[in-house]
Amino acid sequence: MKKLMTGAVLLAVSSVAFAEAPGGPNCGWGNMLMKGKSGMGPHFLASTTNGTSGNATFGMTSGTNGCSVNGTLTYGGKAMVNAMLDEFSTDVAVGHGNALTAVAVAYGVAEEDRAAFAALTHQNFAVLFPNESVTADDVVAQLETLMKADVQLSQYVI
């Protein structure tokens, strides 16, 4: 059940993880069809249309469908840490676990570097979680500082 929950959180967070969607914020037929609309329904239909037809990929390569590759993509684990802060702190304390792996994946940490990620977080538990009122923003800021200072993991932080 724990793996199912982690998978569901990964799926949900991955859908909002990009600061700017690949191809730009207006890329794809779904976005074109739902332009100006808000709410769960239009967003779901736009996402489904874009994801199932491959038109966003075509648009990025051809410069059509409202797509552009000029924007800067960013990606980080903030949303993942925010979604599962308690489970993440528990996994960091023990040095392994599903939430720890999910955050590593959200940061794009390659499988061969995940042990180093787990070790870094575990060894710096007190830095990441200095008190009970620590926020996800605080944790992410400290995590990224630690990763930037680590030769092996610095490549995963922008």
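## Quick look at the overall build of the protein
In step 1: The helix and strand tally for the protein stands at 10 helices and zero strands.
In step 2: Listing the helices and strands of the protein from first to last along the sequence gives α-α-α-α-α-α-α-α-α-α.
In step 3: Burial analysis of the protein (158 residues in total) assigns 34% to the buried set.
In step 4: A separation of at least 24 residues holds for 62% of the contacts in the protein among residues at least 6 apart in sequence.
In step 5: Accessible surface, the protein: about 9,300 Å² in total, of which carbon and sulfur atoms supply 60%.

## Here we look at the packing of aromatic side chains
In step 1: Evaluation of the coordinates by the stated rule reveals two aromatic pairs.
In step 2: Consider the rings of Phe88 and Phe129, whose centres lie 6.1 Å apart with planes at 55°: the pair is tilted. Separated by 41 residues along the polypeptide, Phe88 in helix α6 (residues 85-94) and Phe129 in the loop between α9 (125-128) and α10 (136-149) bring together distant segments of the chain. The residues Phe88 and Phe129 share a single accessibility class, namely buried.
In step 3: The structure contains a cluster of three or more aromatic residues connected by ring pairs, namely Phe88, Phe125 and Phe129.

## Some thoughts on a nonpolar patch on the surface
In step 1: Judged by side-chain polarity, Trp29, Met32 and Leu33 come together as a nonpolar surface patch covering roughly 350 Å² of accessible area.
In step 2: In this structure, Met32 sits in helix α2 (residues 29-33).
In step 3: For Met32, a relative accessible area of 47% translates into the label partly exposed.

## A look at the packing of α6 against helix α7 (residues 98-106)
Geometrically, a packed helix pair is captured by the angle between its two axes and the distance between the axes.
In step 1: Where α6 meets α7, the axes come as close as 7 Å, and the angle between the chain directions of the two elements is 105°. Overall, the two elements α6 and α7 adopt an arrangement that is roughly perpendicular. Residue-level inspection shows Glu87, Phe88, Asp91 and Val92 of α6 in contact with α7, the latter providing Asn98, Ala99, Leu100 and Val103.

## Comments concerning α10
In step 1: With 14 residues, α10 extends 20 Å between its outermost C-alpha atoms, agreeing within 8% with the 20 Å of an ideal straight helix rising 1.5 Å per residue.
In step 2: Buried within α10 we find Ala136, Val139, Val140, Leu143, Leu146 and Met147. In an axial view of α10, the angular spread of the buried residues amounts to 130°, which keeps them on one side of the axis.

## Quick word on the environment of Ala141
In step 1: Mapping Ala141 onto the fold places it in helix α10.
In step 2: What makes Ala141 partly exposed here is its relative accessible area of 43%.

## A look at the nonpolar core
In step 1: Residues Val81, Phe88, Val109, Phe117, Phe129, Leu143 and Met147 are the most contacted members of the largest nonpolar core, which totals 27 residues.
In step 2: The set of elements that each furnish at least two residues to this core consists of α6, α7, α8 (114-123) and α10.
In step 3: Counting residues per element, this core draws most heavily on α10, which supplies six residues.

## As for the confidence of the model for the protein
In step 1: Averaged over the protein, the pLDDT score is 77; the fraction of residues at 70 or greater is 68%.
In step 2: Every residue in residues 4-20 scores below 50 in pLDDT, and together they form 22 contacts with partners more than four places removed in sequence or on other chains.

## Considering the environment of Lys35
In step 1: If you trace the backbone, Lys35 turns up in the loop between α2 and α3 (40-53).
In step 2: Among the residues examined, Lys35 registers a relative accessible area of 71% and is labelled exposed.
In step 3: In this structure, the C-alpha to C-alpha distance between Lys35 and Ala46, residues 11 residues apart in sequence, is 9.0 Å.

Parameters and conventions
Residues numbered from 1 in each chain as written. Predicted model: local features only at pLDDT ≥ 70, side-chain atom pairs only at ≥ 80, totals over all residues. Heavy atoms only, no water. Helix = DSSP H or I, 4+ residues; strand = E, 2+ residues; numbered from the N terminus. Buried < 20%, exposed > 50% of the residue type's maximum accessible area, 1.4 Å probe, protein only. Contact = heavy atoms within 4.5 Å. Areas by Shrake-Rupley, 256 points an atom, 1.4 Å probe, with all protein chains shown as cover. Phe/Tyr/Trp six-rings, centres within 6.5 Å; stacked < 30°, edge-to-face > 60°. Patch = residues over 30% accessible without salt bridge, like charges linked within 9 Å, V, L, I, M, F, W, Y side chains within 5 Å. Salt bridge = Lys/Arg side-chain N within 4 Å of Asp/Glu carboxyl O. Axes fitted to C-alpha atoms, helices over the stretch in contact; angles between N-to-C directions. Parallel < 35°, antiparallel > 145°, perpendicular 65-115°, else oblique. Expected span 1.5 Å × (residues − 1). Arc of directions from axis to C-beta. Core = buried A, V, L, I, M, F, W, Y, C linked by side-chain atoms within 4.5 Å. pLDDT = per-residue confidence, 0-100.

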